[in-house]
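Given next are the chains, with one letter for each unit.
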Amino acid sequence: MLRHLMYKIKSTGPISVAEYMKEVLTNPAKGYYVHHDMLGEKGDFITSPEISQIFGELLGIWFVSEWMTSGKSTAFQLVELGPGRGTLAGDILRVFSQLGSVLKTCDISIHLVEVSQKLSEIQALTLTEEKLPLERDAESLVYMKGVTKSGIPISWYRDLKDVPKGYSFYLAHEFFDALPVHKFQKTPQGWREVLVDIDPQVSDKLRFVLAPCATPAEAFIQHDERRDHVEVCPDAGIIIQELSERIALAGGAALIADYGHDGTKTDTFRGFCGHQLHDVLIAPGTADLTADVDFSYLRRMAQGKVASLGPVEQRTFLKNMGIDVRLKVLLDKADEPSLKQQLLRGYDMLMNPQKMGERFNFFALLPHQRLHDASQERNARQSKIPTSSVAGFDELVWQ
């Protein structure tokens, strides 16, 4: 990977951080995501669904709650962007099965957007019924098709644009943080993009440099930007616009959960290897690269086509979704002390402010009508305590 990048830089000059990330993570020959199983204990990072089943169950309940509140349509698609090992989708599908009596009249299908062949195979092992062979067609927009263990049709795509439009619930958990960012530094001459170049002192080492003049991606910076260093992610903007158009047109909702901030942080670009921080420019292709999601930018990119909620901290969202009630049920059911320990450890990891509780945020896109209806409902009741309008973002009222 380093040789390939050096050759590229020697041919065309320094490259943007976005191009560097794209090559390092998704290059078909040597990209990190294309060839690593980077999740779990042995990988480079652990995600919430790998830590505790409760996480996925509560997200499943969120989707069912939204489906019920917005009129119990006769069909919906669950679309997950970057589904990892399929653990989260598996936990959500288990909730759908357990709530079979509620969903029995609803036609559900699963649509996974995944660029990595290796991960799509792992997802298929996690989610599909072994007895029914998968249909594969590398040339097709739907490159794999099957049936889940609970009998729901499931399809794989490389791009969100290829997923059928229609009433859908979209899920992006730790998806946006891996999209390539452009980095900018404020200088006396104005904004200058941070680029990756070869170190003139050490021939096989890379270094950051500033572009000598303005570059096209500068168009993404707000005119009234107060920070002196910003990261912008055009790919995230494109995906948010696509989601917003789909939700405005056909209904549904998108739930986004990720590391992030609301337009306050500056330099968040970092690497992870074996659960440790790793210099982003050393041994490219061996470590995961990520940048915190700027939720204020996502909100702006929705361009008012849909309503946005959040970001709210993960511990608030999960508490509002009833994680304490669910934990108690599971602890009462657990016979083994080791299982109890595992549940409590998982809960601590998800909720502790020092761990994932404050570092992770939830953000949602919903049709304007959905929030309009909720506020009318509140006014009609004239109650002093506004009842929950959207689960997770307000406290659930247990009935």
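What you see is a predicted model, and the numbers here were worked out from it, not measured in a lab.

A. Local environment of the nonpolar core. Counting 56 residues, the largest nonpolar core has W62, F96, L255, F317 and F393 as its most contacted members. At eight residues, helix α5 (residues 53–69) tops the list of elements feeding residues into this core. Those residues in contact with F393, other than ones at most four positions away along the chain, are W62, L255, L309, G310, V312, F317, N320, F362, F363 and A364. L5, V113, F269 and L298 belong to the second largest nonpolar core, which has 51 residues in total.

B. Just the pattern of salt bridges, in detail. As enumerated under the stated definition, the model contains 22 salt bridges in all. Between K8 and E19 there is a salt bridge; the shortest N-O distance is 3.0 Å. Separated by 11 residues along the polypeptide, K8 in helix α1 (residues 2–12) and E19 in helix α2 (residues 17–26) bring together distant segments of the chain. Taking the relative accessible area as the measure of exposure, K8 reaches 22% and is therefore partly exposed. Here E19 falls in the partly exposed class, since its relative accessible area comes to 32%. For D292, the salt bridge is made with R270, and the minimal N-O distance between the two is 2.9 Å.

C. Expanded view of the environment of H223. Tracing the chain through its elements places H223 in the loop between β10 (206–210) and β11 (229–232). On a C-alpha basis, the gap between H223 and I282 in space is 34 Å, while along the polypeptide they are 59 residues apart.

D. Fine view of helix α12 (residues 323–333). Listed as buried for α12 are I323, R326, L327, L330 and L331. Buried residues of α12, viewed axially, fall in a sector of 135°; they line one side. Within α12, the exposed residues directed more than 90 degrees away from the buried face are K328, D332 and K333. Those residues of α12 hidden inside the fold are in contact with α5, α11 (314–320) and α13 (337–351).

E. Summary view of unusual backbone geometry. With an omega of 5°, the peptide bond between G310 and P311 qualifies as cis. The residue P311 is located in strand β17 (residues 307–313) in this model. Of note, A283 is a non-glycine position whose phi angle comes to about 45°, a positive value. One can find A283 in the loop between β14 (276–278) and β15 (288–290). Phi at Q303 is positive, roughly 50°, even though this residue is not glycine. Inspection of the secondary structure assignment puts Q303 in the loop between α10 (295–301) and β17.

Each value, and the rule that gives it
Residues numbered from 1 in each chain as written. Predicted model: local features only at pLDDT ≥ 70, side-chain atom pairs only at ≥ 80, totals over all residues. Heavy atoms only, no water. Core = buried A, V, L, I, M, F, W, Y, C linked by side-chain atoms within 4.5 Å. Buried < 20%, exposed > 50% of the residue type's maximum accessible area, 1.4 Å probe, protein only. Helix = DSSP H or I, 4+ residues; strand = E, 2+ residues; numbered from the N terminus. Contact = heavy atoms within 4.5 Å. Salt bridge = Lys/Arg side-chain N within 4 Å of Asp/Glu carboxyl O. Arc of directions from axis to C-beta.

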